[in-house]
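Here is what each chain is made of, one letter per residue.
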Amino acid sequence: MSGLRVDQLSFAYGRKQALREVSFHIPQGSFCALLGPNGAGKSTLFALLTRLFTSRDGTIEIAGHDLSQAPRKALKQMGVVFQQPTLDLDLTVHRNLTYFAALHGFSGRDANTRIEAALDRLNMRERQKETVRDLNGGHRRRLEIARSLIHTPSVLLLDEPTVGLDAATRKSITDHIHALSQSEGLTVLWATHLTDEIQDTDQLLILHQGRLLEDGTAQALRGTQPLADHFLSLTEESTVA
Amino acid sequence: MKPFVVVLIAIVAREARRFVGQRSRFIAALIRPLLWLVVFAAGFRAALGLSITPPYETYTTYETYIVPGLCGMILLFNGMQSSLSLVYDREMGSMRLLLTSPLPRWWLLFCRLLASTSISILQVYTFLGITALYGIRFEAAGYLSVLPALLIAGLMLGALGLALSSFIKQLENFAGVMNFVIFPMFFLSSALYPLWKMAESSELLHDICAANPFTHAVELIRFALYGQFNMSALLWTCGAALILLAIALWGYDPARGMIRRKG
């Protein structure tokens, strides 16, 4: 178990370089925020981490498994919440979760136990018979997070999971994932462009124009500045340069 | 082995549920071949005389002739529609979710293909039921022997859609595929007219039709409906299915990154 390790990862769409030699390590059980403006390369990084496509340059290790050498072992240890909604709106909460459990090979009683545990974790149990279409945006997100935990992964990737949610819901989801990371030893990579979702003790990666500009705890990186100002000055500087 | 079966059942069940939920799609998919049968074929009946060629042993009306072609049409449209829906982002999300499963990718794609083919086959049987009411009936055994033919033809056409979906990056609408894939495939085949009839007007067109895998899929279905087996049609259809499946798997291979897209 060694969390998430990315080493010298580069990727280009044709001639357009999207990631340049990105390296970082998130220790097991840490919450790490990936901060970057739109177009920084966050989505590309997520596509590579979830093996939507692969790169020949660099390596990705999920809980000690190399994603290109042992993809199935690595995917088993990984939970993902995508930026775009991936729920079947016309199916019930429970059916959505059963489908996902089956994708990981779980069925019958085993699947049900896992689904109930996942729903309990996100306080969603009473909604399991509701159709997803009837849930509000916040509950849909919580459901996707619950779903990503069904196969008890050790690494959880979330790609801007709070997009389109109101402030209170954003805060409750952000707090919840922080708590989960601590209580269950879950390694979390949380991509965002909103600085208020990041706590001072979090590990922080700042990605801009495909390069990793900074890697450290949020507090150490921002110093005495508010994080938003620090982030702005950093991304503006390198845009000008 | 168990996880493989669990995934297969889950994916087929999901497609079936989505299908039940989209009744309008089901009706639309049936209206299309029925219009061809009732309107187009009725009009052409007088204009087109068909000679007796296998598998037909007696004089056949034009309506009877085009039924297997229309079965093929259902498979063709559905194969394209279900695979190409992956190109749209909403479905792409569910594809991304599918691909995070720790099972091998070829199995996941095959399950999805099998799921959409099963739904198409259900539609073909509904269509055959309606044509029976309309008066075009086949031997009872024919309805059974057509099942494997429909399965192979459906997998081939689904694989074509899947292959296309991995290469087409952006698709404004379904019309592009209609114009450049579905219509040429359908019209340049034996679905609406026998190949010998085509040869009378143009040798070149005949050769194109004879090379079109859809022609062979339709012939496979046509012979099977009459309880007969057409070896060359089977080989052509299976061969095309394997090649198209290989292209689809290649397209969805993460290292090739044909599904690379920004965002």
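Within each chain, residue numbers correspond to sequence positions counted from 1 in written order. Written order determines the labels here, with chains lettered from A and ligands numbered from 1. In keeping with the predicted nature of the model, local features appear solely for residues at pLDDT of at least 70, side-chain atom pairs appear and are counted solely at 80 or more, and the whole-chain, interface and lining totals rest on all residues. Values shown for side chains rest on all heavy atoms present in the structure; no hydrogens or waters enter the calculation.

Draft legend 1. Seen up close, the pairing of strand β9 (residues 203-208) of chain A. Residue and element names in this part refer to chain A. When a residue's accessible area, from a 1.4 Å probe over protein chains only, is under 20% of the maximum for its type it is buried; when over 50% it is exposed; and in between it is partly exposed. Working definition: helices are DSSP H or I runs of at least four residues, strands are E runs of at least two. Numbering for both runs from the N terminus. Within β9, six of the six residues are buried, leaving the element largely enclosed by the surrounding structure. Here β9 shows a buried face lined by Gln 203, Leu 205 and Leu 207 and a second buried face lined by Leu 204, Ile 206 and His 208. In short, DSSP must find at least two bridges between two strands for them to pair. Here strand β3 (residues 31-35) pairs with β9 via four bridges, running parallel. Its bridge partner being in β9, Leu 35 is matched across the sheet by Ile 206. By the bridge criterion, six bridges tie β9 to strand β10 (residues 211-217) in an arrangement that is antiparallel. Residue Leu 207 lies in a different strand from β10, and its bridge partner there is Leu 212. Counted along the chain from β9 to the antiparallel partner β10, the turn is two residues long, and its residue Gln 209 has a positive phi close to 50°.

Draft legend 2. Highlighting the sheet that holds strand β2 (residues 16-26) of chain A. All names here are of chain A. Overall, antiparallel pairing links the four strands, which are arranged β2-β1-β4-β5 in an open sheet. The open sheet has two edge strands, β2 and β5 (65-66), and neither has a second partner. Pairing of strand β4 (residues 59-62) with β5 involves two bridges; the strand directions are antiparallel. For Ile 62, the partnering residue across the bridge sits in β5 and is His 65. Helix α1 (residues 42-49) rests against β1 (4-13), β2 and β4 of the sheet, and its axis sits at about 115° to β1. The contact rule is simple, with two residues in contact once any of their heavy atoms fall within 4.5 Å. Between the N-to-C directions of two axes lies an angle of 0 to 180 degrees, each axis being a line fitted to C-alpha atoms and, for a helix, fitted only over the stretch in contact.

Draft legend 3. Spatial organisation of the domain arrangement of chain A. All names here are of chain A. These domain boundaries are the output of an automatic or database domain assignment. Assigned domains within chain A: domain 1 (4-77 + 154-240) and domain 2 (89-152). Using C-alpha coordinates to define each centre, domain 1 is positioned 25 Å away from domain 2. Taken together, the contact between domain 1 and domain 2 spans 16 residues of the former and 13 residues of the latter. Roughly 1000 Å² is buried in total at the junction of domain 1 and domain 2, and carbon and sulfur atoms are behind 67% of that figure. Accessible-area loss on putting two parts together, using a 1.4 Å probe and summing over both, is the definition of buried area adopted here. On the domain 1 side of the interface with domain 2, the three residues burying the most area are Leu 156, Ile 173 and His 176, jointly 34% of the side's total. Salt bridge, as used here, is a side-chain nitrogen of Lys or Arg placed within 4 Å of a carboxyl oxygen of Asp or Glu. At the junction of domain 1 with domain 2, the criterion picks out one salt bridge. Of the charged contacts in the structure, one is a salt bridge between Glu 184 and Arg 121, with a shortest N-O distance of 3.3 Å. For the side of domain 1 that touches domain 2, the secondary-structure elements that each account for two or more residues are α2 (71-76), β7 (155-159) and α6 (167-184). Broken down by element, the residue count for the side of domain 1 that touches domain 2 peaks at seven residues, all from α6.

Draft legend 4. Seen up close, the packing of aromatic side chains. Residues and elements named next belong to chain B. What counts as a ring pair is set by centres within 6.5 Å for rings of Phe, Tyr and Trp (its six-membered ring), and what kind of pair is set by the plane angle: stacked under 30 degrees, edge-to-face over 60, tilted for all other angles. Applying the stated criterion across every chain, the model contains 19 aromatic pairs over all chains. Considering the side-chain rings of Trp 36 and Phe 186, the 5.5 Å spacing of their centres and the 75° angle between planes classify their relative orientation as edge-to-face. Of the two residues, Trp 36 sits in helix α2 (residues 23-47) while Phe 186 sits in helix α7 (residues 175-187), which places them 150 residues apart along the sequence. Its relative accessible area of 18% is what places Trp 36 among the buried residues. Cluster of aromatic residues (ring-pair linked, three or more members): Trp 36, Phe 40, Tyr 56, Tyr 62, Tyr 65, Phe 138, Tyr 143, Phe 183, Phe 186, Phe 187, Phe 214 and Tyr 226. Sitting over a ring, as applied to charges here, requires NZ of Lys or CZ of Arg to be within 6 Å of the ring centre and within 35 degrees of the ring normal. Taking the ring centre of Tyr 65 as reference, the NZ or CZ of Arg 222 above it sits at 4.0 Å.

Draft legend 5. Spatial organisation of the nonpolar core. Residue and element names in this part refer to chain A. Throughout this description, the term nonpolar core refers to a set of buried Ala, Val, Leu, Ile, Met, Phe, Trp, Tyr and Cys residues connected via side-chain atoms within 4.5 Å. The biggest cluster of nonpolar side chains holds 154 residues, and the ones touching the most others in it are Leu 4 and Leu 189. The two domains that each donate at least three residues to this core are domain 1 (4-77 + 154-240) and domain 2 (89-152). For Leu 4, the contacting residues outside a window of four places in its chain are Phe 24, His 25, Ile 26, Leu 49, Ile 60, Glu 61, Ile 62, Val 155, Leu 157, Thr 187 and Leu 189.

Draft legend 6. View of the interface of chain B and chain A. With 31 residues of chain B in contact, the opposing surface of chain A contributes 31 residues. Summed over both sides, the interface of chain B with chain A buries roughly 3000 Å², with 61% coming from carbon and sulfur. The largest contributions to the chain B side of the interface with chain A come from Arg 96, Leu 97 and Pro 102 of chain B, which together make up 25% of the buried area. Counting across the chain B and chain A interface gives one salt bridge. Across the pair Asp 88 of chain A and Arg 14 of chain B runs a salt bridge whose closest N-O atoms are separated by 2.7 Å. Here a polar contact is taken to be a pair of N or O atoms separated by no more than 3.5 Å, where protein atoms must pair a possible hydrogen donor with a possible acceptor and residues adjacent in sequence count only if both atoms sit in side chains. Taken together, chain B and chain A are joined by six residue pairs in polar contact (both at pLDDT 80 or more). Among the elements of the structure, α1 (2-21) and α4 (89-99) of chain B are those that each provide at least two residues to the side of chain B that touches chain A. The greatest single-element share of the side of chain B that touches chain A, amounting to 10 residues, is contributed by α1 of chain B. Amino acids are sorted into nonpolar (Ala, Val, Leu, Ile, Met, Phe, Trp, Tyr, Cys and Pro), charged (Asp, Glu, Lys and Arg) and polar (every other residue, Gly among them). Across the side of chain B that touches chain A, the residue classes tally to 15 nonpolar, six polar and 10 charged.

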